[in-house]
Every structure is written in C-alpha cells, then in structure tokens.
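Architecture and fold: a report
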Amino acid sequence: MDDRIIVTGNKRLDLNGHTVDVNTIISFIITVERGGSLTVCDSGSSGKLKGTLPSLREYVLIKVESGGSFTLEGGTVEITVPPADSNLRRSAIRVCEGATAVFTDGAVLANTSTYESTTNYRYMATAVEVQAKARVTITGGTISRCNVGAGGGLFATNSSEITIRGGTISECSTTLDTGKGGGLYAENSTITITGGTIKDNEAAHGGGVALTDSTVTDEQPIRNWMVVGNKAYKTGGGIWLGENVKWDISDRTKQIYNNQAIEHGADIVIHSATKFIG
C-alpha cells in the first residue's frame, strides 16, 4: 500500500481484526479533508492500522484537516519511526486547525524503531497532536508508548480545546533533560477534565502533565481522574504548572499521588505566576 488516501464524505473503516501495515515515505498517509469524516473501529479483535516510516522526515498517519472530523471507536492506530535529532514532529494522528477528533475506545501508539537515551534524540513521535483551535474529546481508550520532545501522549497548543472524560494516557515520555509533559502538554489551550487516568509517564518537567498559558475547567462531578505513578527527572513528577495557568483543584475527588521528582515537587510544581486553588 503506497498511495495516500483522501477521505471525503462520511467513511467508516472497520479493521475487523486485521492489520493494515503501511511502510512508505509519504508524509501524510490518510488525510481527512474539510467536510469529511472518518471513523475507525474493530468489530473483530486486535485490529490495527499501522504506519512505519523508514526515513527521517515529517510523518503523520492520519491527518484531519480544518473542517474534518475523526473518531476512534476501536482497534489500534500505531506509528513506528526512527529516532531523530531534529525538529520534525511525527504523529500518529494530527488534528489540524479547526478540525475535531473524538476517542471513545481503542489505542493510539507512537513508537521509535530503536531506543536511545532521550538526551541524545528529540524523538518527535507524538500519539495525538492538536493544532490551533482544534477540538479533541477523550472518553475512553488508551494513548501510550510515545517518545517526543514535549507532550509524549497528547500535544496541544494555540487555543486548542481538550476535553478528557475518561481513557488512559500511559508509558509516554519526553526528553529527560528539558522535555515537558510526558503524558500531556498543553500551551495556550483550554482543558476540561471530568475523568480519566494519566499514569507511568516520564519527562524532565511534568512527568504526567505540563501546562503553560492555559485554563483547566473541572466539570462536576469529577470522581475518577487520577495522575499517578509518573516521574520527573527534574521537577513536577505528576503535574508541572508553568506561567499563567488557571486551575481550581479544591475538589478533593481528584487523585494526584505516588508520583516522583528527582529535584522537587513529587506530585505538583506551581510557577509563581500561576493561579492555583488547592
């Protein structure tokens, strides 16, 4: 399978327990155009849509363009890329400006083909990349096994909107010398949280979550959201809050515990310019 796929109209891809393996040098494999909609599901078991990139270049398995939408209901979306000391961002799924994506089940993985010290490579392999003014909702499924410079599992920026109501972000990492947000990194974005788990991720700052210039809104009731078992090689094992973050976590139903930081702030580190209510 060598040619790129353009999605127009409403399309549904049922993996039905099969693996679709794409090994190509094309940068964007599946593109959902404006007005298009793609749903990936798996009526069988262990179905997988897999992309493998053999060279060092920009790479996205599923690109959702402005005005397009993507839904993951089941199966696995996975990319494997070589490590690269470059600023190329490679993503399993890229949600472009003005696009939307919903994750209700299934898994998204972003792997590197070889493992090296994350101080040597900026892997740039994010599971889900959220660009300006895009909207992403997560109600279930998993995002895991990702290595990148910032935002290993989920990277959001420039007025994007993220809603997390369930699901798990785990086993993702950033560069361990300067990287932020092993599980989730958001800059200049709005995040709404009602549930879900962020666990077993690693970064230099904010092993689980790193936020800057962002607002977090907690819809009620929030009972099952956990940030647990994450590690920072510098500060903020669970959560690192940079400048200009607004977040009220006075509701004690949030569970932030058993995180580690080598320098300080095992569970939470708060920048002086952040408005944080605990």
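Below is a short write-up of the structure. Just so it is clear, the structure is predicted and the values come from calculations on it, not from any experiment.

What follows concerns the overall build of the protein. For the protein, the count of helices and strands is zero helices and 34 strands. Here the protein, with 278 residues, has 57% of them falling under the buried criterion. Long-range contacts, defined here as pairs at least 24 residues apart, represent 84% of the contacts in the protein between residues at least 6 apart.

This next bit is on unusual backbone geometry. You will see that asparagine 16, though not glycine, has its phi angle at about 50°, which is positive. Assignment of secondary structure puts asparagine 16 in the loop between strand S2 (10-14) and strand S3 (19-23). Phi at lysine 133 takes a positive value of approximately 60°, unusual for a residue other than glycine. Note on lysine 133: relative accessible area 53%, which makes it exposed.

Time to look at the packing of aromatic side chains. Overall, the coordinates contain two aromatic pairs when judged by the stated rule. Plain terms: the ring middles of phenylalanine 155 and tyrosine 185 are 5.6 Å apart, the flat faces sit at 20° to each other, and that makes the pair stacked. In this pair, phenylalanine 155 is assigned in strand S17 (residues 154-157) and tyrosine 185 in strand S21 (residues 184-187), connecting sequence segments 30 residues apart. One exposure class covers both phenylalanine 155 and tyrosine 185, and it is buried. The ring of tryptophan 240 has lysine 180 sitting right over it, with the charged end atom 5.3 Å from the ring centre.

The next point concerns the nonpolar core. Counting 57 residues, the largest nonpolar core has Phe70 and Phe103 as its most contacted members. Excluding residues that lie within four positions of it along the chain, phenylalanine 70 makes contacts with Leu38, Val40, Ile62, Val64, Ile93, Thr100, Ala101, Val102 and Phe103. By size, the runner-up hydrophobic cluster in this structure holds five residues, among which are Phe155, Tyr185, Trp240 and Val269.

A separate point is the side chain of threonine 157. Relative to the assigned elements, threonine 157 resides in strand S17. At 3.5 Å, the side chain of threonine 157 forms a polar contact with the side chain of asparagine 158. If we ignore the near neighbours within four places in the chain, the residues touching threonine 157 are Val130, Gln131, Ala132, Glu187, Asn188 and Ser189.

Another aspect to go through is the environment of glutamine 260. Tracing the backbone shows glutamine 260 in strand S32 (residues 260-261). Separated by 30 residues in sequence, glutamine 260 and asparagine 230 place their C-alpha atoms 6.3 Å apart. If sequence neighbours within four positions are ignored, glutamine 260 has contacts with Asn230, Lys231, Ala232, Gly237 and Ala266.

Inspection of the sheet shows strand S24 (residues 202-205) paired to strand S28 (residues 231-235) by three bridges, in the parallel sense. Counted as the bridge partner of histidine 205 is threonine 235 from S28. Relative to S32, S28 runs parallel, the two being bridged by two bridges. Pairing of lysine 231 across the sheet is with glutamine 260, part of S32.

What follows concerns the pairing of S21. Pairing geometry for S17 and S21, over four bridges, is parallel. Residue pairing across strands places leucine 154 opposite leucine 184, the latter belonging to S21. Inspection of the sheet shows S21 paired to strand S25 (residues 209-212) by four bridges, in the parallel sense. When the sheet's bridge partners are listed, alanine 186 is paired in S25 with leucine 211.

Let's shift gears to the pattern of salt bridges. In a structure, side chains of opposite charge can pair up when their charged atoms sit close to one another. Scanning all chains against the criterion turns up five salt bridges. As a salt-bridge pair, glutamate 73 and arginine 12 come within 2.6 Å of each other at their nearest N and O atoms. Taken together, the residues span a long stretch of sequence, with glutamate 73 in the loop between strand S8 (69-72) and strand S9 (76-81) and arginine 12 in strand S2 at a distance of 61 residues. Taking relative accessible area as the criterion, glutamate 73 reaches 33% and is therefore assigned partly exposed. For arginine 12, a relative accessible area of 55% translates into the label exposed. We note a salt bridge from lysine 63 to glutamate 65, for which the minimum N-O separation is 3.8 Å. Accessibility expressed as a relative area gives 15% for lysine 63, which makes it buried. Connected through salt bridges with shared partners, the residues Lys48, Glu78 and Arg145 form a single ionic network.

Calculation notes
- Residues numbered from 1 in each chain as written.
- Predicted model: local features only at pLDDT ≥ 70, side-chain atom pairs only at ≥ 80, totals over all residues.
- Heavy atoms only, no water.
- Helix = DSSP H or I, 4+ residues; strand = E, 2+ residues; numbered from the N terminus.
- Buried < 20%, exposed > 50% of the residue type's maximum accessible area, 1.4 Å probe, protein only.
- Contact = heavy atoms within 4.5 Å.
- Phe/Tyr/Trp six-rings, centres within 6.5 Å; stacked < 30°, edge-to-face > 60°.
- Lys NZ or Arg CZ within 6 Å of the ring centre and 35° of its normal.
- Core = buried A, V, L, I, M, F, W, Y, C linked by side-chain atoms within 4.5 Å.
- Polar contact = N/O pair within 3.5 Å; in protein donor to acceptor, adjacent residues only side chain to side chain.
- Pairing = 2+ DSSP bridges.
- Salt bridge = Lys/Arg side-chain N within 4 Å of Asp/Glu carboxyl O.

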